[in-house]
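Residue-level structural notes
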Amino acid sequence: MKRTIIGGFIMLGGLLTTLTIILSGTIYAPHITEWSGKSKLWHAIFGAKQYGDEAVQSLFLGFPFILGVVVTLLGLIILGIEYYKTFEKQR
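About the thresholds
- Residues numbered from 1 in each chain as written.
- Predicted model: local features only at pLDDT ≥ 70, side-chain atom pairs only at ≥ 80, totals over all residues.
- Heavy atoms only, no water.
- Salt bridge = Lys/Arg side-chain N within 4 Å of Asp/Glu carboxyl O.
- Helix = DSSP H or I, 4+ residues; strand = E, 2+ residues; numbered from the N terminus.
- Buried < 20%, exposed > 50% of the residue type's maximum accessible area, 1.4 Å probe, protein only.

Inspection of every chain in the model, using the stated rule, returns 2 salt bridges. With a closest N to O distance of 3.8 Å, Arg3 and Glu82 form a salt bridge. Taken together, the positions of Arg3 in helix H1 (residues 2-28) and Glu82 in helix H3 (residues 62-90) put the pair 79 residues apart, joining distant regions of the chain. Looking at Glu82, the relative accessible area reads 11%, which means it is buried. With its nearest N and O atoms 3.9 Å apart, the salt bridge here joins Glu82 to Lys85. Note that Glu82 and Lys85 are positioned in helix H3 at a spacing of 3 residues, about one turn of the helix. One continuous salt-bridge network, built from bridges that share partners, spans Arg3, Glu82 and Lys85.

Here is the structure:
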């Protein structure tokens, strides 16, 4: 039971981090005038290299975004293992 709660809070923390970064990128994306790549949102979160004297308009939140995804997956793995263990005990 304790590991299930811990896994849930770990997953919730990672999910909150990831969704907050997506929301901030979504709010910031309309203000970007120039970007490279296919997606303005992707550029707002991860950024790109600076070419010449142009200003790079990005939040540069790629590392926390990836960290949030990894923490979310870690929490899901913990929850999956614990639910599998309880399912096996019931058999």
